[in-house]
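The chain contents come next:
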Protein chains: 2
Amino acid sequence: MVESWRSQPGSAGNNVYSRLKQQIVSLELPPGTALSEKEVSLAFEVSRTPVRESFVRLAQEDLVVVLPQRGTRVSLIDPDLVEEARFMREQLEKAVVRLACAEFPAERLAELDANLSAQKHSIEKHDGREMFELDEAFHRILFEGCRKQGTWSVLQQMNAHLNRSRMLWLSTDPHWGQLYEQHREITEAIRRQDADTAEQVMQHHLSLMISNLTVLREKHPDYFK
Amino acid sequence: MVESWRSQPGSAGNNVYSRLKQQIVSLELPPGTALSEKEVSLAFEVSRTPVRESFVRLAQEDLVVVLPQRGTRVSLIDPDLVEEARFMREQLEKAVVRLACAEFPAERLAELDANLSAQKHSIEKHDGREMFELDEAFHRILFEGCRKQGTWSVLQQMNAHLNRSRMLWLSTDPHWGQLYEQHREITEAIRRQDADTAEQVMQHHLSLMISNLTVLREKHPDYFK
DNA sequence: TGTTCCATACTACCATACAAGTATGGTAGT
DNA sequence: ACTACCATACTTGTATGGTAGTATGGAACA
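Conventions adopted
- Think of each chain on its own: its residues are numbered from 1, step by step along the sequence as written.
- Starting at A for chains and at 1 for ligands, labels are handed out in the order in which the entities are written.
- Only residues with pLDDT of 70 or above have their local features reported here, since the model is predicted, and side-chain atom pairs are shown and tallied only from 80 upward, although totals for entire chains, interfaces and linings are computed over all residues.
- Hydrogens and waters are ignored; side-chain quantities use all the structure's heavy atoms.
- For Phe, Tyr and Trp, rings pair up if their centres lie within 6.5 Å, where Trp contributes its six-membered ring, and each pair is then called stacked (planes under 30 degrees apart), edge-to-face (over 60) or tilted (otherwise).
- Categorising residues by exposure relies on relative accessible area from a 1.4 Å probe, with only protein chains included: less than 20% of the type maximum marks a residue as buried, more than 50% marks it as exposed, and the intermediate range marks it as partly exposed.
- Whether a charge sits over a ring comes down to the Lys NZ or Arg CZ being within 6 Å of the ring centre and within 35 degrees of the ring normal.
- Residue proximity to a molecule or strand is established when one non-hydrogen atom of the residue lies within 4 Å of it.
- Distance and chemistry together define a polar contact, namely a pair of N or O atoms within 3.5 Å, with one atom able to donate a hydrogen and the other to accept it when in protein, and with adjacent residues in sequence counting only for side-chain atoms on both sides.
- Numbered from the N terminus, helices here are DSSP runs of H or I no shorter than four residues, and strands are runs of E no shorter than two.
- Amino acids are sorted into nonpolar (Ala, Val, Leu, Ile, Met, Phe, Trp, Tyr, Cys and Pro), charged (Asp, Glu, Lys and Arg) and polar (every other residue, Gly among them).
- When DSSP finds two or more bridges between a pair of strands, those strands are recorded as paired.
- Annotation comment: domain bounds sourced from an automatic or database domain assignment.
- When two parts are brought into contact, each loses some accessible area as probed by a 1.4 Å sphere; the total of that loss over both is the buried area.
- The salt bridge criterion pairs a side-chain nitrogen of Lys or Arg with a carboxyl oxygen of Asp or Glu, the two atoms within 4 Å.
- The least-squares superposition of copies is restricted to C-alpha atoms, and to residues with a pLDDT of at least 70 in both copies.
- The criterion used for residue contact is that any of the two residues' heavy atoms lie within 4.5 Å.
- Joining through side-chain atoms within 4.5 Å is the link that ties buried Ala, Val, Leu, Ile, Met, Phe, Trp, Tyr and Cys residues into a set, and such a set is a nonpolar core.
- One less than the number of residues in a helix, times 1.5 Å, gives the span that helix is expected to have.

Identification of chain A as FCD domain-containing protein from Paenibacillus campinasensis is taken from an unreviewed UniProt entry.

### Some thoughts on the packing of aromatic side chains
With the rule as written, the count across this model stands at 2 aromatic pairs over all chains. Seen in terms of ring centroids, Phe143 of chain A and Trp152 of chain A are 5.1 Å apart; in terms of plane orientation they differ by 45°. Their pairing is tilted. Here Phe143 of chain A falls in the buried class, since its relative accessible area comes to 0%. For the cation-ring pair, Lys148 of chain A lies above Phe87 of chain B, with the distance from its terminal atom to the ring centre recorded as 4.8 Å.

### Regarding the protein's contact with DNA strand D
Within the structure, DNA strand D sits among 23 residues, and Ala12, Ser47, Arg48 and Thr49 of chain A together with Arg52 of chain B are positioned closest to it. Looking at DNA strand D alone, sugar and phosphate atoms form 61% of those within 4 Å of the protein. Side-chain polar atom of Arg48 of chain B to a base oxygen of DNA strand D: 2.8 Å apart, as the coordinates give it. Within the contact set of DNA strand D, a phosphate oxygen lies 3.1 Å away from a side-chain nitrogen or oxygen of Thr72 of chain B. Broken down by secondary-structure element, the contributors of at least two residues to the surface near DNA strand D are helix 1 (12–25) and helix 3 (48–60) of chain A together with helix 3 (48–60), strand 2 (64–67) and strand 3 (71–74) of chain B. Element by element, the count of residues in the surface near DNA strand D is highest for helix 3 of chain A, at 3 residues. Partitioning the surface near DNA strand D into residue classes produces 8 nonpolar, 9 polar and 6 charged.

### Thoughts on the sheet that holds strand 2 (residues 64–67) of chain A
All names here are of chain A. The 3 strands lie next to each other as 1-3-2, forming an open sheet whose pairing is antiparallel. Edge positions in the open sheet fall to strand 1 (34–35) and strand 2, since each of these has one partner strand only. One ladder, built from 4 bridges, connects strand 2 with strand 3 (residues 71–74); its direction is antiparallel. Counterpart to Val65 in the pairing with strand 3 is Arg73.

### Describing the domain arrangement of chain A
Residues and elements named next belong to chain A. Assigned domains of chain A: these are domain 1 (12–74) and domain 2 (79–223). Measuring from the centre of the C-alpha atoms in domain 1 to the corresponding centre in domain 2 gives 28 Å. Between domain 1 and domain 2, a total of about 960 Å² is buried, with carbon and sulfur atoms accounting for 66% of that surface. Sorting the residues of domain 1 by area buried against domain 2 places Val25, Leu27 and Pro31 first, and these three jointly supply 47% of that buried surface. At the junction of domain 1 and domain 2, the tally comes to 0 salt bridges. Partitioned by chemical class, the residues of the side of domain 1 that touches domain 2 number 7 nonpolar, 2 polar and 2 charged.

### Some details on the sheet that holds strand 1 (residues 34–35) of chain B
With antiparallel pairing, the 3 strands of this open sheet are ordered in space as 1-3-2 (chain B). The strands lining the two open edges of the sheet, one partner per strand, are strand 1 and strand 2 of chain B.

### A short note on the pattern of salt bridges
Once their charged atoms are close, side chains differing in charge can pair, the charge on each being opposite to the other. Summed over all chains, the structure comprises 44 salt bridges over all chains. Here Lys125 of chain A makes a salt bridge to Glu130 of chain A, at a shortest N to O gap of 3.4 Å.

### With respect to the protein's contact with DNA strand C
Taken together, 23 residues are adjacent to DNA strand C, and Arg52 of chain A together with Ala12, Ser47, Thr49 and Arg70 of chain B come closest. Near the protein, within 4 Å, the atoms of DNA strand C are sugar or phosphate in 71% of cases. Here a phosphate oxygen of DNA strand C and a side-chain polar atom of Arg52 of chain A are 2.8 Å apart. Secondary-structure elements contributing two or more residues to the surface near DNA strand C are helix 3, strand 2 and strand 3 of chain A together with helix 1 (12–25) and helix 3 of chain B.

### Points about the relation of the copies chain B and chain A
The two copies are related by a screw motion: chain B maps onto chain A through a turn of 180° and a shift of 0.0 Å along the axis, at an RMSD of 0.0 Å. Put plainly, the chains are arranged around a two-fold axis. Of the interface residues in chain B, 100% have counterparts in chain A that sit at the interface too, so the contact is made through matching surfaces.

### Quick word on the interface of chain B and chain A
Each partner contributes residues to the interface: chain B has 25 residues there, and chain A has 25 residues. The junction of chain B with chain A conceals about 2200 Å² of combined surface from both sides, 62% of it contributed by carbon and sulfur atoms. Across the chain B-chain A interface, the total number found is 2 salt bridges. The salt bridge partner of Arg52 of chain B is Glu53 of chain A, with a shortest N-O separation of 2.5 Å. Those elements that provide at least two residues to the side of chain B that touches chain A are helix 3, helix 4 (79–102) and helix 7 (149–170) of chain B.

### Some remarks on the side chain of Arg166 of chain B
Relative to the helices and strands, Arg166 of chain B is located in helix 7. Beyond its immediate chain neighbours, meaning those up to four positions away, Arg166 of chain B contacts Arg89, Phe132, Asp135, Glu136, Trp176 and Met209 of chain B.

### What about the nonpolar core?
Judged by nonpolar contacts, the single largest core of 102 residues is most densely connected at Ile190 of chain A together with Ile190 of chain B. For Ile190 of chain B, the contacting residues outside a window of four places in its chain are Val97, Ala100, Cys101, Phe104, Leu109, Leu112 and Leu142 of chain B.

### Things to note about helix 4 (residues 79–102) of chain A
Residue and element names in this part refer to chain A. Taking 1.5 Å as the rise per residue, helix 4 with 24 residues should run 34 Å; its terminal C-alpha atoms sit 35 Å apart, in good agreement. Within helix 4, 19 of the 24 residues are buried, which leaves the element mostly enclosed by the surrounding structure. Where helix 4 begins, the side chain of Asp78 points an oxygen toward the backbone nitrogen of Asp80, at a separation of 2.9 Å.

### Observations concerning the side chain of Asn159 of chain A
Residues and elements named next belong to chain A. Mapped onto the elements of the fold, Asn159 is located in helix 7 (residues 149–170). The exposure class assigned to Asn159 is buried, which follows from its relative accessible area of 1%. A polar contact is formed between the side chain of Asn159 and the side chain of Arg89, at a distance of 3.4 Å. When sequence neighbours within four positions are dropped, the list of residues in contact with Asn159 reads Ala85, Arg89 and Glu136.

See below:
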């Protein structure tokens, strides 16, 4: 294989999978978009086999739906799944931030500080996309610092649905300032091992992640189930 | 296709996947077992393609590890993942049982009662395998009654690792009696909407699920990472 | 005008051939 | 006896042809 389009280290199948997933979560491929093994294989210049593997993996995460002998399409955003994702994050992150207040590696705390200042810069640059990624990274660092990487990675499966709706939200009013402030408060609570405050702020923080789903739904009715 | 070995409704790929997964979680295929696309395709009388799809899906759940150009084997039980699975269940089930105390459909409550009496019969018959399945069903009903099916199904991915170690535990000392009693207490707490008791019992209940992992590890050192 | 039927062009699904990397055992050379 | 090398038999990764089910548009007919 010539690797013309990309010199990614992984196999072609893995590359197709991660590229497709990225495009789906970023809404570059909007919900409802019809895909097909042949079409994608031509676009990515690989055979149908790795494309098919990607579809299988994406279907397992409910990011695409495969209708046998009919076609494959990017799944519509399921508001129930979005709410469940928020629910899972609320429960798990409250517990994790409590753990973090009991014990958290100094180097991870430093990562949080670095992340916070990066967030500040992103907000000043009004770079929503970058802020989005820093927000994700912030929470991932929390899980990793509590040695809950596996939990985080399973959570990501649900989170993909939440993130698609957050992506829509990105174009309206993300109040990044408020979210940044909460990130800062959480970090400080961890530093002084104040579990009750940390949990309380985290709960409020996560309650803001979904906010007005109905508004988004009215704006993009064809994106939702 | 002749469907000689099975008249399952789903596609060949789905059948291979579910059969393999069942065999892995039940330890019929012990951790570390070498698989190969060819070998499995011969055993299941299908081509390599659906087998390969199954491997991809199982690899995504960390139930098999694929070493490119070298082979595929059933993953070893990762104690960290087992503990994380228990952690996830603890956090999520505590929250769910609280929701159940606030609101729970009468028909689901009836399912819990039916499940409880079935558990009683299984214990009298000393049928550990059936009790295991009823235990799973009990908790699933809780999630479904709170409309958290998606949460349950994502949780299952982590739970597969926990279940493999519970499967080992099955041959030693499951104290099903105590677990049954706790199931009963949880059901009663839901019936009288006593959230604090329900959460407390649930927490204790789930803490028993892992118990002495070190003992299992000494007994089957080759099954663990 | 409206309805039924059918050819056609899709789709995912499966089987199979080939490519490329890896482990292994035997053999030749030292 | 020991080492380096290589043929061989594995493995997974990729490409491709064929099969069966489904949607669709147009023609024949009422």
